Amino acid sequence: MNEFPKALKPADYATDQEVRWCPGCGDYAVLKAMKTVLADIGAKRENTVFVSGIGCSSRFPYYIDTYGFHTIHGRAPAIATGIMLANPDLDVWIITGDGDGLSIGGNHLMHLLRRNLNCQVLLFNNETYGLTKGQYSPTSRVKTRSPSTPAGSIDHPVDPAQFALGSGARFVARAVDTQIKQLVDVLKAAHAHRGAAFVEIFQNCIVFNEDVFDDFTARDKAAGNQVALQHGAPLVFGEDQTRALAFDPQTLGLSAIDVVPGDHKGALVHDAGNRNLAFALSQMTPPELPMAMGVLYDNPTEVYDVGANDASRKRALVDVMRSGFTWTVEPGAKAS
Amino acid sequence: MNNIQLQDAPRAAQDTRETVVVRIAGDSGDGIQVVGGQLGLTSALSGNDLETFPDYPSEVRAPVGTTYGVSAYQIHFGGRHIKTIGDEADMLVALNPAALITNLAIVRKGGRVLVDSGTFTARNLDKAGYAVSPLEDGSLDDYQVMAADISRLTLEATAELELGKKAALRCKNFWALGLVYWMFGRDRQPTRDWLQQKFTKAPDIAKANTAALDAGHVYGEAIEAAGEATSIAVPRAPMAAGLYRSVTGAEALAWGLAAAAELSDRKLVFASYPITPASPVLHTLARLKDIGVVTFQAEDEIAAVCAAIGAAYTGGLGVTSSSGPGISLKQEAIGLAVSTELPLIIVNTQRAGPSTGMPTKTEQSDLNQALFGRHGESPVPVLAARSPADCFEVAIEAGRIALTYMTPVILLSDGFVANASAPWQLPNMDEVERIKVKNHADPEGFSPFLRDPDTLARVWPVPGTPGLEHRIGGIEKDFASGHISYSPENHQKMTDIRAEKIAGIAKSIPALEPDQGETGGDLAIVGWGSTYGPISRAVTTMRAKGYKVSHIHLRHLNPFAANQTELLAGYAKVLVPELNTGQLLRQLKAEGVGHAEGLNKVSGQPFLVRELEQAIANIMGAV
Ligand code: SF4
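1. Describing the overall build of chain B
Now for step 1: Counting its secondary structure elements, chain B contains 20 helices and 23 strands.
Now for step 2: A compact globule built from 623 residues should have a C-alpha radius of gyration of about 25 Å, and chain B, at 27 Å, falls within 12% of that.
Now for step 3: In terms of principal-axis extent, the alpha carbons of chain B reach across some 85 × 60 × 45 Å.
Now for step 4: Partitioning the intrachain contacts of chain B with sequence separation of at least 6 by distance along the chain shows that 76% fall at a separation of at least 24.
Now for step 5: Put simply, chain B shows about 23,200 Å² of open surface, and 51% of that area lies on carbon and sulfur atoms.
Now for step 6: Between the mean site of the 55 positive side-chain charges and the mean site of the 68 negative ones, chain B shows a separation of 2 Å.

2. Comments concerning the pattern of salt bridges
Now for step 1: The final tally for this structure, using the stated rule, is 33 salt bridges over all chains.
Now for step 2: With a shortest N-O distance of 3.3 Å, B:D90 and B:R17 are connected by a salt bridge. Within this pair, whereas B:D90 is found in strand 6 (residues 89-94), its partner B:R17 is found in the loop between strand 2 (15-16) and strand 3 (19-27), the two being separated by 73 residues in sequence.
Now for step 3: Here B:E611 and B:K601 are joined by a salt bridge, their closest N and O atoms 2.9 Å apart. A residue pair is termed long-range when its members are at least 10 positions apart, and B:E611 in helix 20 (residues 609-620) and B:K601 in the loop between strand 23 (596-600) and helix 20 qualify at 10 residues.
Now for step 4: Relative accessible area serves as the criterion here: at 15%, B:K601 is assigned to the buried category.
Now for step 5: A single network of salt bridges, built from pairs that share partners, joins A:E127, A:R141 and A:D215.

3. Details of the pairing of strand 11 (residues 268-272) of chain B
Residues and elements named next belong to chain B.
Now for step 1: Where burial is concerned, most of strand 11 is hidden: 5 out of the 5 residues are buried.
Now for step 2: Pairing between strand 11 and strand 13 (residues 317-322): 5 bridges, direction parallel. Considered in strand 13, the bridge of F270 is made with V319.
Now for step 3: You can see the chain leave strand 11, run along helix 10 (residues 279-286) and come back into strand 12 (residues 294-297), and the turn it takes is right-handed.

4. Thoughts on the site of the ligand
Now for step 1: All residues in the neighbourhood of the ligand are listed as A:W21, A:C22, A:C25, A:C56, A:N126, A:G130, A:Q203, A:C205, A:I206 and A:F208.
Now for step 2: In the shell around the ligand, the residues fall into 7 nonpolar, 3 polar and no charged.

5. Notes on the packing of helix 4 (residues 150-158) of chain B against helix 6 (residues 172-184) of chain B
Residue and element names in this part refer to chain B.
Now for step 1: Two numbers describe how helix 4 lies on helix 6: the axes approach to 9 Å, and their chain directions differ by 100 degrees. The orientation of helix 4 with respect to helix 6, classified from their angle, is roughly perpendicular. Of the residues in helix 6, those in contact with I150, S151, L153 and T154 of helix 4 are K172, W175 and A176.
Now for step 2: For the contact of helix 4 with helix 6, the residue count by class is 4 nonpolar, 2 polar and 1 charged.

6. Side note on the domain arrangement of chain B
All names here are of chain B.
Now for step 1: You can read the domains of chain B as domain 1 (4-233), domain 2 (245-431) and domain 3 (521-619).
Now for step 2: Using only C-alpha atoms to locate each centre, domain 1 and domain 3 end up separated by 36 Å.
Now for step 3: Listed as interface residues are 6 residues of domain 1 and, on the opposing side, 8 residues of domain 3.
Now for step 4: Contact between domain 1 and domain 3 buries roughly 640 Å² in total, counting both sides, with carbon and sulfur atoms accounting for 44%.
Now for step 5: When residues of domain 1 are sorted by the area they lose upon contact with domain 3, K83, T84 and D87 head the list and together hold 80% of the total.
Now for step 6: The interface formed by domain 1 and domain 3 holds 2 salt bridges in total.
Now for step 7: Between D87 and R610 there is a salt bridge whose closest N-O contact spans 3.9 Å.
Now for step 8: Counted by class, the side of domain 1 that touches domain 3 contains no nonpolar, 2 polar and 4 charged residues.

7. Quick look at the packing of aromatic side chains
Aromatic ring pairs are described here by two measures, namely the spacing of the ring centres and the angle between the planes.
Now for step 1: This model, assessed by the stated rule, comprises 17 aromatic pairs over all chains.
Now for step 2: Ring geometry for A:F60 and A:F124: centres 5.7 Å apart, planes at 75 degrees, overall edge-to-face. Of this pair, A:F60 sits in the loop between strand 1 (48-52) and strand 2 (67-70) while A:F124 sits in strand 4 (residues 119-125), and the two are 64 residues apart along the sequence.
Now for step 3: Note on A:F60: relative accessible area 0%, which makes it buried.
Now for step 4: The exposure class assigned to A:F124 is buried, which follows from its relative accessible area of 1%.
Now for step 5: When the ring centre of B:F449 is taken as reference, the NZ or CZ atom of B:R458 above it lies at 4.8 Å.
Now for step 6: Above the ring of B:F479, the side-chain terminus of B:K493 is found at 4.0 Å from the ring centroid.

Rules used throughout
- Residues numbered from 1 in each chain as written.
- Chains lettered and ligands numbered in written order.
- Predicted model: local features only at pLDDT ≥ 70, side-chain atom pairs only at ≥ 80, totals over all residues.
- Heavy atoms only, no water.
- Helix = DSSP H or I, 4+ residues; strand = E, 2+ residues; numbered from the N terminus.
- Rg over C-alpha atoms; globule rule 2.2 N^0.38 Å.
- Contact = heavy atoms within 4.5 Å.
- Areas by Shrake-Rupley, 256 points an atom, 1.4 Å probe, with all protein chains shown as cover.
- Lys, Arg positive; Asp, Glu negative; His and termini not counted.
- Charge placed at Lys NZ, Arg CZ, Asp CG, Glu CD.
- Salt bridge = Lys/Arg side-chain N within 4 Å of Asp/Glu carboxyl O.
- Buried < 20%, exposed > 50% of the residue type's maximum accessible area, 1.4 Å probe, protein only.
- Pairing = 2+ DSSP bridges.
- Right-handed = clockwise from strand over helix to strand, strands pointing away.
- Near = heavy atom within 4 Å.
- Nonpolar A, V, L, I, M, F, W, Y, C, P; charged D, E, K, R; others polar.
- Axes fitted to C-alpha atoms, helices over the stretch in contact; angles between N-to-C directions.
- Parallel < 35°, antiparallel > 145°, perpendicular 65-115°, else oblique.
- Domains from an automatic or database assignment.
- Buried area = accessible area lost by both parts, 1.4 Å probe.
- Phe/Tyr/Trp six-rings, centres within 6.5 Å; stacked < 30°, edge-to-face > 60°.
- Lys NZ or Arg CZ within 6 Å of the ring centre and 35° of its normal.

Structural data, given as structure tokens:
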């Protein structure tokens, strides 16, 4: 009789490596959530691969007891692509950051998403280059002061969720490092999605960019400045659930309206399969509108790594070499 | 159409030549490459050995009649082993004035020049840059000119089919081919069969081209009868018995990679980004999905090499391919493969550089890049292919080294080897040695950097294997545990062992021997890569004249064969011809071959046989 394999607990996914992030870094919370997720989904250690680039978040694989590949700056999506082409049955998690994934590696991220390889991409957005000591990043807001922008940055940031949607991602979600329950739910939904699932995690870098997301993550602001997305549920938010999102025909976008709790007349209902709605949600920023959190978009389609491997062996190499024009030189053929 | 039988010996003709070089040139739209390929095939069927080279215009679609829109095809066939495409042409077929003006210089004095006089109109002459028609001003007096109005004769030959003028004129390449077939006694039947098969869905086009082919042939017979021209017989070449096909270097290389995967029971994951002249390898492999090959056209060169590394990490045979500029982009990632000790093949089909350089022209100037192009101490084995057929073997050898030693391997080809084609005796795959490399499976005492004491290769623990979960990356690793290590002693040790591993490959390389000539003597010509053909022919010719010269050709450029320095010390002089400024030469000198001299050419053109013969004569004096 085969023994039923013992279910693994979150602690079973820990390695013996000393975690080297700064005390208080948001990465610790994400690591904890990830171990919970792996245990909850019953992840097989041997079939799970974490692939990262370079940066603080890219040390993540060292701390999870599965297969792990800490690669080079920006290239994790490309290396993960090769892993999936060689073995589409592996469960691949890509760990990247705002600099790694959207600056030096932006091209690879775009193509991984549009090709739709079957994996999860977790982009830890802390709006700074932590590992190189605090330069501004492609997600930093205008006027960010940093060692490389002493007078404040002048370039406009990219929004990760909008980048992902624009690249053709079929699953886009957002979560906050310290909102563990939501983070765990989002990661599970990402894992359940067949195809490339993109998750932006707002991650607090307490050393170089402390509280940069406070306008929507601080205890007193979260309820009013976040809307938690649930497919099929009305888009309500606020301390007492008295605010809701509605379609604004004037701007062809979203606006906030007052609603009576329990009666959501006029409120939009979230449809995770609607790409237009996902775009509209991704563009909301506080204080005018709440940040959209949870699954913005979830609409699966064909998966690249399966398609690339989808051929039954019909021939051997010798058949290939013998195809087309061939001729035989008989033994004893001599120069005339 | 398989297994075509060789024809009977060629008919008696008035003239016999051991080898012949034919160059066919015309506008890009004239179908030059198609008829060139047919001439190659029928020459092989006539029992000749041969080598061919297509000379495409750089522009994708240049205006009709311009010099930069000329496409050419050169073929050297004969009754002996053919090693080059020939220094000069014995016959030029020029289907318009632009083709004549751009290709005449390669025709030997006294050679035959067939032109389509119907295209020598004022407008075409002007486009080609002729003030006066060369057919009228005596400038072709040094050649045997055959001026036929091929355009008109083709229209007449195909009139019955009522294709319309434009479509009918497209058949003139086959008219010219018919005349060439008459001249060298080639059988038309294989080409008739090919046309019929090719145009199954357009039988009239097949008929028209066949009619043009026959008309060209009849024209030849008529001028022969009239005593205006003679046909030429070319004897059979001594060829080993077996099954043959024509193969380009790019095809042979692609199949060699597939063979390496088959011999090692690995999935071939080939990741590449389009670049001239490397893309045909991607194109060839992309058609092999049904033998289990996975190809991936990446978003850029970096993604291509990274995907190949990802595949290697996962237990596949990861291969990436490019040309010099693309290899530059891949170098950081190759460093990752050196550091993580993953097997990987990087193919460089070299072209003239630096930068964009001359993408369609050949050069051997990326040897330094292959040896030294990375950051840090990162030694990588380097191999080079010498001919189209050799590409197959060298690709397997690259696979053997990469998999046996867990290392990236750079395989150098070049634009010349990749595009040239030659008859290739198909290998018996059952006789090719298998590459026996296993995935690591034993969790007992496992560390990802456990090494084979003999090869120093690390184990290959592949995702999916229970009990071997581990983390690796580009950060320095502890020799014993494989964990991150910043220890000074450990970095020294790891640097040393990575170098020792690569140097140790020499133990598995067969002893180097002269390709021709004696071991030890007055002069050794030492080459690598695509200079093989011209060097080999020049050495054969000079030895026949009494010169005691040997030819040594290197496949392994890092590490060298263990006996190489000793072998070269046995020659009073060592000459190293290269299509660069002396990159191998510098390595040989560094290895103690202090008396080596260079013969260097960086013009985008291969060596001519006569340039090498001259160099040998200059060094050795009269015999
Ligand atoms: S620098 Fe910032 S992101 Fe990096 S480990 Fe420290 S707190 Fe975390």
